Every structure is written in structure tokens, then in C-alpha cells.
Amino acid sequence: MPEFSQLLYETPVPRVARIVMNRPERRNAQGRTMTYELDAAIRHACHDDGVNVIILAGAGPHFSAGHDLDLSDNSMPDVQQSIGLWGQYTGPGWEGHYARERETYFDLTERWRNAPKPTIAEVQGACVAGGLMLAWACDLIVASDDARFRDTTIDMAIPGAEFFHHPIELGARKAKEFLFGGDWLTAQEAANCGMINRIVPRAELPAETIKLAERIAAKDRFALKLAKEAINAAQDAAGRRQALSTAFHLHQIGHLHNLLARDFMIAYESLDPAVRRMIEEHVRRQREGRIEGGPGDSVGK
Ligand code: ZN
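For the structure given in this document, a descriptive report is provided here. None of these values were measured; they are calculated from a predicted model.

## Focus on the pattern of salt bridges
At step 1: All told, the structure shown has 16 salt bridges when counted by the stated rule.
At step 2: Here arginine 26 and aspartate 68 are joined by a salt bridge, their closest N and O atoms 2.4 Å apart. Of this pair, arginine 26 sits in the loop between strand E2 (15–21) and helix H1 (32–47) while aspartate 68 sits in the loop between strand E3 (51–58) and helix H2 (95–113), placing them 42 residues apart in sequence.
At step 3: Judged by relative accessible area, which is 34%, arginine 26 ranks as partly exposed.
At step 4: A relative accessible area of 1% places aspartate 68 in the buried class.
At step 5: Here glutamate 177 ties to lysine 174 by a salt bridge, and the two come within 3.3 Å at their closest N and O atoms.

Okay, here's the thing in C-alpha cells:
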């Protein structure tokens, strides 16, 4: 069993693994540490013969605030922990940034979406921007009645996060409204679009999710894996993967435009003042040459 500093790995009932993002004080923000711990936990569950279903949950009042803008834990991947072969994370210009974005937000999220065993996201409270990627990568979503969803990336002058499932989850017209407006989507609205499988009272969320997982986990493991593969293949045959790749590269154009127009890879004027101050300090130190990297190094929205 790998060791985790930002996750809990539980087996609440036989044949079910429950992975809990455990940074409630940071609203489970996903930095580099959590990203690679998530991958290690999912990998462990997939290779565990005693696990048939995987739950992804978040500790505390909210499921996920999205990608961590605390730059101290958002640096380039360690080659030793990297799952891909792209490499050159410290390359000049956009080379390193592209490699990082591709590995940590695109390839890893896609890898989790393709984890052979059924996965269930257990979502409460807020699920914002990069947090949507985690929920969407799961096969099923069980939400509490107070769950709410929002994509604020347009405010950061970026066209959605890196794993662009918006039209697949919401349909084109609702996805445009969701993205253009940046307004909250309630659990009920998300369910009406087909994005959520079921809504349960907040107090019953973990128990109801585990109950659903337990029911699925009692089925034949190999048949579950084949069924998941078949449905994922249907989505991919309809062009999902190609559309996602196009959106990812448009996202890269957004970053590059911001670098040219704003000297930083996202527009951060709209962010929480504390986060904004942290980024401004980071940029100032980079310009003074006190830390390595070009403007915007390490920020991965
Ligand atoms: Zn990005």
C-alpha cells in the first residue's frame, strides 16, 4: 500500500475502495502531491484483486476547489513519478509547461477515466473548475442535495479546464451557458442534464454511495470491466477523445495568449485576494531572478 499524506484510502465494505481527498482546510485543492497520490491510490485499487468498485470522495464541507494555486506544491512533475514519456518538464518557452499540463491534467485525468474498474464520485458542497474534472472522470456521480458546480475558468481568461467534458456531460447548449456565464449549477440542474446519477440528503451521502458501490461490487468483476470499456468505447467512437484533444490545445492557446497579453498564464484579477497576492509575489520573485522559471511558471489552470 502506498503512503499518502493528502488522501485517505478506506475499504468500508468488501470489494469497495474509498479514496478520500483529505485537505478540507484547502477545500481539497489538487496540487502536485494530491495528483500523484490520486494516481497511486487508483492504481493500487485497480491492481487489488479484492476491489471491484472505487469511490472518490472529498473530506469536509466541499468536494473540490479545483487545481491548487498554492505555487509551492504546483511545480513541474518529478520524472521519477511521471506516468508518461513526454518529458522535458523544465524545457524552455512553452515546452515544459505543455509537458506538465499534458501529464498532470490531461493524460492523468484521462487515465483515471479509463481505469477499468467502475468508479463513483461522491460529491458534496462546491465542485469548482478543476474539481469538475475529477467528478467527470468517474463513471457515476452521486451528489448530496447541497452539491453545486461551477466553472470559473473564463474569468481567468481560459476556455475551460484541461479535461474538457462540458458538452459531453451537459449537452452543447447548457455547456455553453455554464461556461460563458460561470454561474452555479445546482445538483438538481446537473441531474436534469444527465450529469448526475442520483441526489441524496447530505447526511446520507457517504452511506448511500457505499451502498450503491456495494451493490455493483457484488457483480462479476470482469463483466463490469468489459461493460465499462464498451460504453467508454462508444463515447470515443463518437469523437469524445478527438474533441477533448482539440479543447486541450485551445486551452494551451489561452495560456499562451495570457502570457503575451498579461505576462502570466492566467488572468488572476478575479481570484480571491489572498491567492492573487500569492501569485503577484511569485511573479515578482521570478522577475527578480530569485526563483527559476519564466512568468507564470508553475500555475496550471
Ligand atoms: Zn492549464
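## A short note on empty space enclosed by the protein
At step 1: In this structure the tally under the stated criterion is two cavities of 30 Å³ or more.
At step 2: Roughly 110 Å³ of volume is contained in the largest cavity.
At step 3: Contributing to the lining of the largest cavity are Ile19, Leu38, Ile42, Ile54, Ile55, Leu56, Trp112, Thr119, Ile120, Leu134, Ala137 and Cys138.
At step 4: Residue assignment for the lining of the largest cavity shows that the elements contributing at least two residues are H1, E3 and strand E4 (119–123).
At step 5: Counting residues per element, the lining of the largest cavity draws most heavily on E3, which supplies three residues.
At step 6: Split into classes, the residues belonging to the lining of the largest cavity amount to 11 nonpolar, one polar and no charged.

Cut-offs used in this document
Residues numbered from 1 in each chain as written. Predicted model: local features only at pLDDT ≥ 70, side-chain atom pairs only at ≥ 80, totals over all residues. Heavy atoms only, no water. Salt bridge = Lys/Arg side-chain N within 4 Å of Asp/Glu carboxyl O. Helix = DSSP H or I, 4+ residues; strand = E, 2+ residues; numbered from the N terminus. Buried < 20%, exposed > 50% of the residue type's maximum accessible area, 1.4 Å probe, protein only. 1 Å grid on protein atoms, 1.4 Å probe; cavity = no way out; pocket = protein on both sides within 12 Å on 5 of 7 lines; lining within 4 Å. Points joined across faces, edges and corners; volume = space filled by probe spheres on them. Nonpolar A, V, L, I, M, F, W, Y, C, P; charged D, E, K, R; others polar.

Keep in mind these numbers describe shape, not what the thing actually does.
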